[in-house]
Amino acid sequence: MSEDDEGNDKKTQGSNPKKLKLVTFTGAAGLLGLAVSFAIFAFNSHKQKSKKKCLPGCDSVCINLSAKEILDLADEIISKSTRVHDAVASVPLNKLSYENVVLPLAELEARLLPLIQCCVVPKMISPQDNVRKASAEAELKIDAHLLSCRKREDVYRVIRIYAAKGESIAPEAKCYLQCLVRDFEHNGLNLTTTKREEVGRLKDEIDELSLRYVQNLNEDSSCLFFTEAELAGLPVEFLQSLDKTQSKEFKLTLESSHVAAILELCKIAKTRKTVAMAYGKRCGDANIPVLQKLVQSRHRLARLLGYAHFADYALDHRMSKTSTTVIRFLEGISSSLTDLAIREFSILKDLKRKEEGELPFGVEDILYYIKRVEELQFDLDFGDIRQYFPVSLVLSGIFKICQDLFGIKIEEVTETDVWYYDVQAFAVFDSGSGKLLGYFYLDMFTREGKFSHSCVVSLQNNALFSNGACQVTILHPCRTFIWTCSGIYLVSFCLQIPVALLIAQFSKDGGGEALPLGFSEVVNLFHEFGHLVQHICNRASFARFSGLRVDPDFREIPSQLLENWQSFTLKLISGYRQDITKPLVDEVCKTLKRWRYSFSALKSLQEILYCLFDQKIYSEDDVDFSQLIRSLHPKVMLGLPVVEGTNPASCFPRAVIGSEATCYSRLWSEVFAADIFASQFGDGHPNLYMGLQFRDKVLAQGGGKEAMELLTSFLGREPSTQAYIESRTKYGL
């Protein structure tokens, strides 16, 4: 997402991060930022005491603090945040302006984000247990403070009155002001005292019910017992990992890894069905009443806040906008994939008939027979393929693709402190101008105490501190004349550059050497690197809209888009391997792509089924969960009934916390990423011109502009689902 004003890029000079110097506030802007700067000074004092060496020009980003430093910094953050909010609340109502109401809060948000991350990110990555505990403690304190800030009636009153004045400010500044108002009003501050208290009570109730639902699943100790014959097809290593009873039966828990192994590998249909039934019935008696109450509470909350139902509330500020749009999208994809799904289903049924006779085909058979067909139709040795993917070469290939596609240059930064010996830091520059765009860390390997999933974390967002005027003329790299309704001001800018962290879970051998990556790990690294590119290239002026703070329906699109170049990169990487006599030939790359898309229609229908279930329970009243799944399942899954006695309402945590009413969003991103790739990058080779167009017209714009408008402008039309459907058909069986 490119900057709203290209002149903003001029604030940072030079291509060498070791020589980078950031422009500081002077004049009026310096006075406006004074309150916020106290927090920075407090942080720097911690940094100086510990003699931390941070990234050049990013003194606020220092992740390897001690436990005491983290807790002290958390207290400073809360103290200084309180002072800024107090200052805004105390502005006389007849003297409200952008400079004394909105700008201090925007600067506070931008300045405090990296400091907050210095406190809370260590719980994910620190090798020291006491630091992780301090980080978790700091996060609770900071979260409680931030929530209390969004409930301050005195601050809301000032913001609401200023917003009602309707002053002419820049579009991104106006969007930020609207977000501030919404933050308070989603906590009920525009309601009567009685209704506001009800909003608070409902939010507490929703949190408690969500936690109870997830705890019930986490604490579920259900297990099944099978003989060795009943587990035919499972690898010896898997069986050896299971506990055994005195009668020599194997104890199988209902952990997802155990269930997946059974459904994919077990040759015995009765065992697969037994496991599928038990897994789908988990916590039924406990969780279905919890979800019923939770859905009702969310509907009541949404109505108090002015929405017809919870789905309207959840989707209001997303690309999709309405539940009607989401359901139409899901049903449209389902309908378009039906013919291909029927062909895929026929292949599976025919193979089951050959191997098991006339036993009826059930949902529990899908994963097993997909894997059987893949074994028969694809000549792939994934163990052998690993040799082509050393971590260092995969990274080199991804770096080259990103450089050739997005016009960036990536260089390692060695003179900076890190929290573990194998963590690396990199600087990203614009290839054409040599300007520094941002930094990122790579924390690639598993270790004790580290967060166990792959992800990208924002450490510092891009931010440009100005007075939000509508018309800006760049006169000097460090100074700008800005016209406002009250005259012309000479204001200095300070650019805060983005910094991100990519966490991965790759393995090392017993000697500490990195093991080559599996194909799925390569694809996952492409995906996460797409988030890095998005974070670094987002040039929004407000931290609220930069980094990964974009429309959630858009957030996965850049990552899904970058995945399309993994086949091109695989061939590139294999060409680097001088020690391998047999290169990764085109045919293997094509087979990998066909394997990746195999049975994609059936897999998509399964996802659509659960997305529709999620959307309907939050967009309709008094939904009978059991009746809904019995109705949806055969309609979406080509006539297949739901597994007997199961109900996703009892064990569907995505619909409870994290993706409630928004489960569709991952598929939404995948569909529109396919459209972008097919229409703008059709031949699969890096296209620098189109890549720069995407970087400048889409990525750089950030979350302050409507994502659908950005995509429509880039494509020259509204996004379409057709490319997604065609890609599945093209590579289908």
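Residues numbered from 1 in each chain as written. Predicted model: local features only at pLDDT ≥ 70, side-chain atom pairs only at ≥ 80, totals over all residues. Heavy atoms only, no water.

Let me state the cut-off plainly: UniProt positions are given in the numbering used here, feature names are shortened, and annotations may be inferred rather than shown by experiment.
The Subcellular location (unreviewed entry) field of the UniProt record for the protein holds the comment "Cytoplasm". Recorded in UniProt under Sequence similarities (unreviewed entry), the annotation for the protein is "Belongs to the peptidase M3 family."

Quick look at the pattern of salt bridges
Put simply, the rule is: The salt bridge criterion pairs a side-chain nitrogen of Lys or Arg with a carboxyl oxygen of Asp or Glu, the two atoms within 4 Å. The secondary structure listing takes helices from DSSP runs of H or I that are at least 4 residues long and strands from runs of E that are at least 2 residues long, numbered from the N terminus. Only protein chains enter the accessibility calculation, which uses a 1.4 Å probe; a residue whose area is less than 20% of its type maximum is buried, one above 50% is exposed, and one in between is partly exposed.
Throughout the structure, instances matching the rule amount to 41 salt bridges. Taking the shortest distance from any N to any O, the salt bridge between D154 and R152 comes out at 2.9 Å. Its salt-bridge partner being R728, residue E670 comes within 2.5 Å of it at the nearest N-O pair. Highlighted residues: E670 in helix 26 (residues 665–680) and R728 in helix 29 (residues 722–731), separated in sequence by 58 residues. Across the pair, R728 and E670 agree in class, each one buried. Residues participating in the shared-partner salt-bridge network are E109, D183, R544 and R549.

Describing the sheet that holds strand 2 (residues 243–244)
Stated formally: Any two strands with at least two DSSP-identified bridges between them are counted as paired. Residues count as neighbours in contact if any of their non-hydrogen atoms are within 4.5 Å of one another. In this analysis an axis means a line fitted to C-alpha atoms, helices contributing only their contacting stretch, and an angle means the value between N-to-C directions, from 0 to 180 degrees.
An order of 1-3-2 is seen for the three strands of this open sheet, with the pairing classed as antiparallel. In this open sheet, the two strands that pair with only one neighbour each are strand 1 (223–226) and strand 2. Relative to strand 3 (residues 250–253), strand 1 is paired through four bridges, and the arrangement is antiparallel. The residue of strand 3 that forms the bridge with L224 is L252. Of the strands in this sheet, strand 1 and strand 3 touch helix 12 (residues 269–280), which is tilted by about 170° from strand 1.

Things to note about the nonpolar core
Nonpolar side chains tend toward joint burial in soluble globular proteins. Stated formally: Note on terminology: a nonpolar core comprises buried Ala, Val, Leu, Ile, Met, Phe, Trp, Tyr and Cys residues joined through side-chain atoms within 4.5 Å.
Counting residues in hydrophobic clusters, the biggest one holds 153 residues, and the most contacted among them are L291, M444 and F529. Per-element tally for this core: the top contributor is helix 15 (residues 323–356), with eleven residues. Beyond its immediate chain neighbours, meaning those up to four positions away, L291 contacts Y213, I617, Y618, F625, A649 and V656. With 73 residues, the next largest nonpolar core counts L96, V102, I159 and W419 among its residues.

A closer look at helix 26
Convention followed: Helices are assigned an expected span. That span is 1.5 Å times one less than the residue count.
For helix 26, spanning 16 residues, the distance from its first C-alpha to its last is 22 Å, which sits close to the expected 22 Å at 1.5 Å a residue. Where burial is concerned, most of helix 26 is hidden: 13 out of the 16 residues are buried.

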